[in-house]
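Topology and contacts: notes
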Amino acid sequence: VREDAERRDVQRRSRERFGLTAERYAASGMTARFGQVTSLLALLAPSAGDAVLDVACGPGSLLAALAPRVRLAAGVDLTPEMLRLARAQALPAGSRPLRLVRGEAEALPFRDGAFSIVTTTSAIHHYANPGAVVAEMARVCRRGGRVGIADLVGPADEEKRALQNEIERLRDPSHVEVLSEAGLEALLSQAGLEIEGRAAGALSRELGEWCAIARTPPEVVRRVRAMLLATQPGDRAGLAPEAAGEEVRFRHQWVNLVARKP
Ligand SMILES: C[S@@+](CC[C@H](N)C(=O)[O-])C[C@H]1O[C@@H](n2cnc3c(N)ncnc32)[C@H](O)[C@@H]1O
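In this report, we go over the structure that sits alongside the text. (Residues numbered from 1 in each chain as written. Predicted model: local features only at pLDDT ≥ 70, side-chain atom pairs only at ≥ 80, totals over all residues. Heavy atoms only, no water.)

Once that is clear, we can look at the overall build of the protein. Counting its regular elements, the protein contains ten helices and eight strands. C-alpha extents for the protein along the principal axes are approximately 50 × 40 × 35 Å. Scored against the burial criterion, the 262 residues of the protein give a buried share of 53%. Contacts in the protein between residues far apart in sequence, at least 24 positions, make up 75% of those at least 6 positions apart. Charge centroids of the protein, computed over 36 positive and 33 negative side chains, lie 5 Å from each other. (Helix = DSSP H or I, 4+ residues; strand = E, 2+ residues; numbered from the N terminus. Buried < 20%, exposed > 50% of the residue type's maximum accessible area, 1.4 Å probe, protein only. Contact = heavy atoms within 4.5 Å. Lys, Arg positive; Asp, Glu negative; His and termini not counted. Charge placed at Lys NZ, Arg CZ, Asp CG, Glu CD.)

Look at the link from Gln 232 to Pro 233: it is a cis peptide, with omega at -5 degrees. Within the secondary structure layout, Pro 233 lies in the loop between helix H10 (218–229) and strand E7 (242–244). Even without glycine at this site, Ala 45 takes up a positive phi of about 40 degrees. Relative to the helices and strands, Ala 45 is located in the loop between helix H3 (36–44) and strand E1 (51–55). Non-glycine residue Ala 56 carries a positive phi angle of around 60 degrees. One can find Ala 56 in the loop between E1 and helix H4 (61–66).

Attention now goes to the environment of Leu 83. One can find Leu 83 in helix H5 (residues 80–90). Overall, the relative accessible area of 4% leaves Leu 83 in the buried class. Apart from the residues within four sequence positions on either side, Leu 83 is in contact with Cys 57, Gly 58, Asp 77, Leu 100, Val 101 and Arg 102.

Right, let's talk about the nonpolar core for a bit. Residues Leu 53, Val 55, Val 118 and Leu 184 are the most contacted members of the largest nonpolar core, which totals 31 residues. Secondary structure elements with two or more residues in this core: E1, strand E2 (72–77), strand E4 (115–121), helix H6 (130–140), strand E5 (141–153), helix H8 (181–190) and strand E8 (247–260). Sort the elements by how many residues they give to this core and H6 lands first, with five residues. Discounting residues that sit within four places of it in the chain, Val 118 has contacts with Leu 53, Val 55, Met 137, Val 140, Cys 141, Arg 146, Val 147 and Gly 148. Counting 20 residues, the second largest nonpolar core, distinct from the first, contains Leu 40, Leu 41, Ala 73 and Leu 83. (Core = buried A, V, L, I, M, F, W, Y, C linked by side-chain atoms within 4.5 Å.)

Buried residues dominate E1, accounting for five of its five residues. Alternating positions in E1 separate into two faces, Ala 51, Leu 53 and Val 55 on one and Val 52 and Asp 54 on the other, with burial throughout. Sheet topology note: the E1/E2 ladder contains five bridges and is parallel. When the sheet's bridge partners are listed, Val 52 is paired in E2 with Ala 73. Handedness of the β-α-β unit built from E1, H4 and E2 comes out right-handed. (Pairing = 2+ DSSP bridges. Right-handed = clockwise from strand over helix to strand, strands pointing away.)

Turning our eyes to something else, we now look at the pattern of salt bridges. Taken as a whole and assessed by the stated rule, the structure comprises twelve salt bridges. The salt bridge involving Arg 13 is made with Asp 9; its shortest N-O contact spans 3.3 Å. Taken together, the positions of Arg 13 and Asp 9, both in helix H1 (residues 2–28) and four residues apart, correspond to about one turn of that helix. Residue classification places Arg 13 among the partly exposed positions, given a relative accessible area of 29%. Exposure remark for Asp 9: the relative accessible area of 33% places this residue in the partly exposed category. Notably, a salt bridge pairs Arg 249 with Glu 247, separated by 3.7 Å at the nearest N-O pair. Among the ionic contacts, a cluster of salt bridges with common partners joins Asp 9, Arg 12, Arg 13 and Glu 16. (Salt bridge = Lys/Arg side-chain N within 4 Å of Asp/Glu carboxyl O.)

What follows is the structure in structure tokens.
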């Protein structure tokens with residue numbers, strides 16, 4: 001019961017945040033900037049026979065790239081404003097059928113084995129129970145099909161990662177938790193999937209822009225700035241912040257993993 005209440009609470013925060021910021025988020029082109037679209041496409045190498053589901057599809061950046069290459073592309077997301085953008089962005093990209101459904105990642109409204117590729121990008125850190133979501137993704141993936149996850153990752157050091165998560169949650173209360181790379185891998189293996197591809201990288205971010213995407217109130221931005229800068233010396237959150245005049249730059253690490261359902 002407590003888990004249900006917590007999940008609903010986390011989902012409500014995500015719906016509120018992304019309802020208010022869908023357009024800014026889409027305009028920021030984040031998924032593409034993390035290299036997630038090109039790198040996931042290369043790792044997945046989708047073909048014309050594939051049926052793809054993108055979980056928490058947001059404004060449809062990955063679907064726009066996938067839809068023209070596959071037999072069927074579907075997206076599910078909690079936030080109606082995001083689905084509206086996905087409809088506009090991803091539909092003209094492909095003449096193939098595109099199914100966009102409002103729903104929860106934790107209870108995907110599809111039958112077992114309905115898809116040959118199931119993805120989720122930049123969303124694991126918004127799930128109350130990412131293990132339950134990856135298990136759902138594995139359920140709707142057919143045997144021999146693939147699950148692709150792409151997300152921010154935090155340092156392997158738990159104290160550093162906890163501090164990163166504190167800073168991330170202050171900037172965006174719908175943030176739940178970035179995992180370490182090993183933590184992301186464990187989600188896949190615990191769902192019975194076999195990892196067969198990976199890509200990783202880092203992206204330089206600017207604090208002002210990062211907070212503007214989430215509409216962080218100005219007084220909170222000041223606290224985020226102070227907290228981030230206070231992690232130096234010693235880089236205690238693994239975000240490597242540096243002040244350059246008014247700007248503060250820092251570094252986000254990301255990982256993409258592709259795993260097969262045996
Ligand atoms: C940071 S955006 C990522 C969107 C897209 N995947 C991308 O890479 O651009 C996170 C998305 O996750 C959705 N979301 C968060 N929690 C969800 C859940 N439990 N079920 C379905 N969608 C969820 C939000 O509505 C939002 O669209």
